[in-house]
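Fold and contact review
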Amino acid sequence: AQTVTQSQPEMSVQEAETVTLSCTYDTSESDYYLFWYKQPPSRQMILVIRQEAYKQQNATENRFSVNFQKAAKSFSLKISDSQLGDAAMYFCATIQGAQKLVFGQGTRLTINP
Amino acid sequence: KAGVTQTPRYLIKTRGQQVTLSCSPISGHRSVSWYQQTPGQGLQFLFEYFSETQRNKGNFPGRFSGRQFSNSRSEMNVSTLELGDSALYLCASSLGLAGEFFGPGTRLTVL
């Protein structure tokens, strides 16, 4: 079974700085996807970025990028130029089959003005 | 295009009652999946439906059930509510790969 581990329950960063959130995973799938979600206080889960495991190139979405290390089963999220609106819970997830997301426990990110 | 909608947004029930939650996916999406989020257990997969068929089910007791209608709208039902069922219930819809778009959730409180 897939497992996802986020070892940082909380992180904080100064506005405009860069922060990296860590995630490791374990999977028996030969091909899989990895995700980062953002959950602000509204509790709406928002997909931030997605990585297909067979793609070696790291995914990027504007200020968000990932460092995907397949052999190490590591999938970290880098947020550049942090903004106050980035404050939220961030969840790393992988997918089992095509339908079941497996989530980590989350990292609470605080942005200090 | 309208997003995923969930109704009701908040619900208060007492132990032993049953509850039905509704999820309307994005137009054209045929896959609907449900997740339970609690402080202790985090986010856990409940089940997923595609074209009215349950394709996958999580490790929840039989008190948790669901269905999907021909218009892709989905409902989940929890019978004989327990205090531990208090949670945020999230619904997600997608065209193919799960988890693309989530709804705002239904906050269920069991007293």
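The structure this text deals with has already been given above.
These notes cover the structure that comes with them. (Residues numbered from 1 in each chain as written. Chains lettered and ligands numbered in written order. Predicted model: local features only at pLDDT ≥ 70, side-chain atom pairs only at ≥ 80, totals over all residues. Heavy atoms only, no water.)

1. Description of the sheet that holds strand 1 (residues 5–7) of chain B
Residue and element names in this part refer to chain B. Operational definition: For two strands to pair, DSSP has to find at least two bridges joining them. Note on conventions: DSSP H or I runs of at least 4 residues are helices, E runs of at least 2 residues are strands, and numbering of each starts at the N terminus. Only the stretch in contact is used when a helix axis is fitted, and all axes are lines through C-alpha atoms; the angle between N-to-C directions ranges over 0 to 180 degrees.
Judged by pairing direction, the sheet is antiparallel, and its 4 strands sit side by side in the order 1-3-8-7 without closing on themselves. Each having just a single partner strand, strand 1 and strand 7 (64–68) make up the two edges of the open sheet. With strand direction ignored, the average angle separating the axes of adjacent strands in the sheet is 20 degrees. Pairing between strand 1 and strand 3 (residues 19–24): 3 bridges, direction antiparallel. Among the inter-strand pairings, Thr5 is bridged to a residue of strand 3, identified as Ser24.

2. Points about the interface of chain B and chain A
What counts, and what does not: Any two residues whose heavy atoms approach within 4.5 Å at even a single point are treated as in contact. As a working definition, buried area equals the accessible area (1.4 Å probe) given up by two parts on being put together, with both sides summed. For this analysis, a salt bridge means a side-chain nitrogen from Lys or Arg found within 4 Å of a carboxyl oxygen belonging to Asp or Glu. The term polar contact refers here to a pair of N or O atoms within 3.5 Å; inside protein, the definition further demands a hydrogen-donor-capable atom paired with an acceptor-capable atom, and it admits residues adjacent in sequence only when both atoms are side-chain atoms. Gly is put with the polar residues, along with every residue not named as nonpolar or charged; the nonpolar set is Ala, Val, Leu, Ile, Met, Phe, Trp, Tyr, Cys and Pro, and the charged set is Asp, Glu, Lys and Arg.
With 21 residues of chain B in contact, the opposing surface of chain A contributes 17 residues. In this assembly, chain B packs against chain A so that about 1,700 Å² is buried in total across both faces, 54% of it on carbon and sulfur atoms. Across the contact surface, chain B and chain A share 0 salt bridges. The tally of links between chain B and chain A comes to 5 residue pairs in polar contact (both at pLDDT 80 or more). Secondary-structure elements contributing two or more residues to the side of chain B that touches chain A are strand 4 (31–38), strand 5 (42–50), strand 6 (53–57) and strand 9 (87–94) of chain B. Among the residues making up the side of chain B that touches chain A, the classes are represented as 9 nonpolar, 8 polar and 4 charged.

3. Brief notes about the state of the cysteines
Residue and element names in this part refer to chain A. Put simply, the test is: Disulfides are defined in this document as cysteine sulfur pairs within 2.5 Å.
Inspection of every chain in the model, using the stated rule, returns 2 disulfides over all chains. The disulfide that involves Cys23 links it to Cys92, with 2.0 Å between the sulfurs. Around the S-S axis, the bridge from Cys23 to Cys92 shows a dihedral of about -70 degrees and counts as left-handed. Highlighted residues: Cys23 in the loop between strand 3 (19–21) and strand 4 (24–26) and Cys92 in strand 10 (residues 88–96), separated in sequence by 69 residues.

4. Quick notes on the side chain of Arg63 of chain B
Residue and element names in this part refer to chain B. Here is the rule we go by: A simple rule labels every residue: compare its accessible area, found with a 1.4 Å probe on the protein chains alone, to the largest value its type can have, and call it buried under 20%, exposed over 50%, or partly exposed in between.
Secondary-structure assignment places Arg63 in the loop between strand 6 and strand 7. Given a relative accessible area of 16%, Arg63 falls into the buried group. Engagement of the side chain of Arg63 in a polar contact is seen with the side chain of Asp85, the distance being 2.8 Å. Ignoring anything within four residues of it in the chain, the contact list for Arg63 reads Asn77, Val78, Ser79, Thr80, Leu81, Glu82 and Asp85.

5. Points about the pattern of salt bridges
All names here are of chain A. Applying the stated rule across the entire model yields 8 salt bridges over all chains. Of the charged contacts in the structure, one is a salt bridge between Lys73 and Asp26, with a shortest N-O distance of 3.0 Å. Note that Lys73 is positioned in the loop between strand 8 (64–69) and strand 9 (74–79) and Asp26 in strand 4, a separation of 47 residues in sequence. Given the relative accessible area of 27%, Lys73 is considered partly exposed. With a relative accessible area of 38%, Asp26 lands in the partly exposed category.

6. Thoughts on the side chain of Ser31 of chain B
All names here are of chain B. By secondary structure assignment, the location of Ser31 is in strand 4. Within the local environment of Ser31, its side chain forms a polar contact with the side chain of Glu48, the two groups lying 2.5 Å apart. Sequence-distant contacts of Ser31, defined by excluding residues within four places in its chain, comprise Glu48, Tyr49, Phe50, Arg55, Ala92, Ser93 and Ser94.

7. Comments concerning the pairing of strand 9 of chain B
Residues and elements named next belong to chain B. Here strand 9 lies mainly inside the structure; 8 of its 8 residues are buried. The side-chain alternation of strand 9 yields two buried faces, one formed by Ala87, Tyr89, Cys91 and Ser93 and the other by Leu88, Leu90, Ala92 and Ser94. Relative to strand 11 (residues 106–110), strand 9 is paired through 3 bridges, and the arrangement is antiparallel. Each residue of the ladder has a partner; that of Leu88, found in strand 11, is Arg107. As paired elements, strand 9 and strand 10 (residues 101–102) share 2 bridges and run antiparallel to each other. By the bridge assignment for strand 10, Ser93 is matched with Phe101.

8. A few points about the pairing of strand 6 of chain B
Residue and element names in this part refer to chain B. As judged from the 4 bridges shared by strand 5 and strand 6, these two strands associate in the antiparallel manner. By the bridge assignment, Phe50 is partnered in strand 6 with Thr53. Where strand 5 hands over to strand 6, the hairpin turn is made up of 2 residues, of which Ser51 adopts a positive phi near 45 degrees.

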